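Structural description and commentary
Below, each chain spelled out in residue letters.
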Amino acid sequence: MKSIFKLGEIQRLEIIKKVPMGAYLSLPETMRTSEETQEMILLPKREMPQDSEIGDLIDVFIYKDSEDRLISTTIIPPLTLGGITTLKVVQATNIGAFLSWGLVKDLFLPFKQQTYRVKPGDIVLVSLYIDKSERLCATMKLYDILSTDSEYVKDSSVTGTVYELSDNFGAFVAVDNRYSALIPKNELFKKVFIGERIHARVKEVKADGKLTLSIREKNYFQMDRNCSIIMEHLNNHGGYLPFGDKSSPESIKREFEMSKAEFKRAIGRLYKEHKITITADSIKLV
């Protein structure tokens, strides 16, 4: 028979019996269906509120102890089933890692649920799920968990956490640690890292609600920024840079974090403003 207790969730339960080791809790009779029995779960003595009595209702989180038994706690962790939050890695092993979430028993993050090999001290964005063995575990694979019902529109400014990188698609981002978003590969003119908090602009809202992001300003703002970047580089290198029309897109991206087309537009403006001179393979301050 299925348990009345919801693993990984917060439930309001009634104190049914007090014992030396704590108290036994159950669903109040008014909340049970006719098919549900008065199943009980232990609340350890150290978790009991002062002056608690039989019949009191109490909010508890349901998890499993070190012997794999259902148990309750009044310590409400920052993560419940299906939720998403950031947690700290406290231990890493060959089969997975363990995350601190405020409970006596650390939360297991299996190796297969990591989007990169985590190490102690890392802060990772995770969700909580129940594995095939009926254990609570964490996952960094959030694509199918994130919501697509945000109220953001085109050109909205957003903040999110990079949770996965793909050579084919780009950087997957959890906007507000809740909504599904992607920075496409062709928008990634600088390196980003899993776990990095980024500020971006909504470039498009897809029909399915997923967000396409850009970490670049709109064109007229970006042009000003690109000109400033090039001038700063020139001033820092004695007024000369070995970059021009013949420079490769890769070298320009690496040096200036912009596309070759953006670079050419920026130096074109600087040339028209008589701030630089241009050759095929260099630019110089006037």
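The structure under discussion appears in the preceding block.
These notes cover the structure that comes with them. (Residues numbered from 1 in each chain as written. Predicted model: local features only at pLDDT ≥ 70, side-chain atom pairs only at ≥ 80, totals over all residues. Heavy atoms only, no water.)

A word on the overall build of the protein. In terms of helices and strands, the protein carries 3 helices and 18 strands. Radius of gyration (C-alpha) of the protein: 27 Å, far over the 19 Å computed for a compact globule of 286 residues. Projected onto its principal axes, the C-alpha coordinates of the protein cover approximately 85 × 40 × 35 Å. Buried positions account for 42% of the 286 residues belonging to the protein. In the protein, of all internal contacts separated by at least 6 residues, the share reaching a separation of at least 24 is 54%. Accessible area of the protein: about 16300 Å², with a carbon and sulfur share of 50%. (Helix = DSSP H or I, 4+ residues; strand = E, 2+ residues; numbered from the N terminus. Rg over C-alpha atoms; globule rule 2.2 N^0.38 Å. Buried < 20%, exposed > 50% of the residue type's maximum accessible area, 1.4 Å probe, protein only. Contact = heavy atoms within 4.5 Å. Areas by Shrake-Rupley, 256 points an atom, 1.4 Å probe, with all protein chains shown as cover.)

Let us look at helix α3 (residues 260-272). Spanning 13 residues, α3 covers 18 Å between terminal C-alpha atoms, matching the ideal 18 Å at 1.5 Å per step. Two residues or fewer after α3 comes H274, characterised by a positive phi angle close to 60°. (Expected span 1.5 Å × (residues − 1).)

Pairing is mixed in the closed barrel, where 5 strands are placed in the order β11-β12-β13-β15-β14. The average undirected angle you get between the axes of adjacent strands in this sheet is 50°. As paired strands, strand β11 (residues 157-166) and strand β12 (residues 170-175) are joined by 6 bridges and run antiparallel to one another. Note on β12: the bridge partner recorded for V162 is V173. (Pairing = 2+ DSSP bridges. Axes fitted to C-alpha atoms, helices over the stretch in contact; angles between N-to-C directions.)

Quick look at the environment of G238 now. Counting through the fold element by element, G238 comes out in the loop between α1 (219-236) and β16 (240-241). Assessed through its relative accessible area of 74%, G238 is described here as exposed. Along the sequence, G238 and K284 sit 46 residues apart, while their C-alpha atoms lie 8.9 Å from each other.

What follows covers the side chain of S180. On the secondary structure map, S180 appears in strand β13 (residues 179-184). Setting aside residues no more than four positions away along its own chain, S180 makes contact with L146, S147, T148, V173, K210 and L211.

A word on the nonpolar core. Ranked by size, the top nonpolar core spans 21 residues in total, and within it L99, W101, L107, V126 and L136 carry the most contacts. Setting aside chain neighbours within four positions, we find W101 in contact with F61, P77, P78, L79, L87, D106, L107, L128 and L136. (Core = buried A, V, L, I, M, F, W, Y, C linked by side-chain atoms within 4.5 Å.)

This brings us to the packing of aromatic side chains. This structure, assessed with the given rule, holds 9 aromatic pairs. Of the aromatic side chains, those joined through ring pairs into one cluster are Y143, Y163, F169 and F172. (Phe/Tyr/Trp six-rings, centres within 6.5 Å; stacked < 30°, edge-to-face > 60°.)

Time to look at the pattern of salt bridges. A full pass over the atoms with the stated rule returns 12 salt bridges. Here K154 and D155 are joined by a salt bridge, their closest N and O atoms 3.9 Å apart. Classification of K154 as exposed rests on a relative accessible area of 54%. Taking relative accessible area as the criterion, D155 reaches 30% and is therefore assigned partly exposed. Among the salt bridges present, the one from K203 reaches E187, with a minimum N-O distance of 2.5 Å. (Salt bridge = Lys/Arg side-chain N within 4 Å of Asp/Glu carboxyl O.)

It is worth spelling out the pairing of β11 at this point. Pairing between β11 and strand β14 (residues 197-205): 5 bridges, direction antiparallel. The partner of T161 across the bridge, within β14, is R197. Adjacent in sequence and paired antiparallel, β11 and β12 are bridged by 3 residues.

Here we take up the pairing of strand β6 (residues 84-92). Here 5 bridges tie β6 to strand β9 (residues 123-130), and the two strands are oriented antiparallel to one another. Bridge assignment links T86 to a residue of β9, and that residue is L125. The pairing of β6 with strand β7 (residues 96-100) spans 4 bridges and is classified as antiparallel. When the sheet's bridge partners are listed, K88 is paired in β7 with S100. Here β6 folds back onto β7 in antiparallel fashion, the turn holding 3 residues.

Everything listed here is a matter of coordinates, which is why it stays silent on function.
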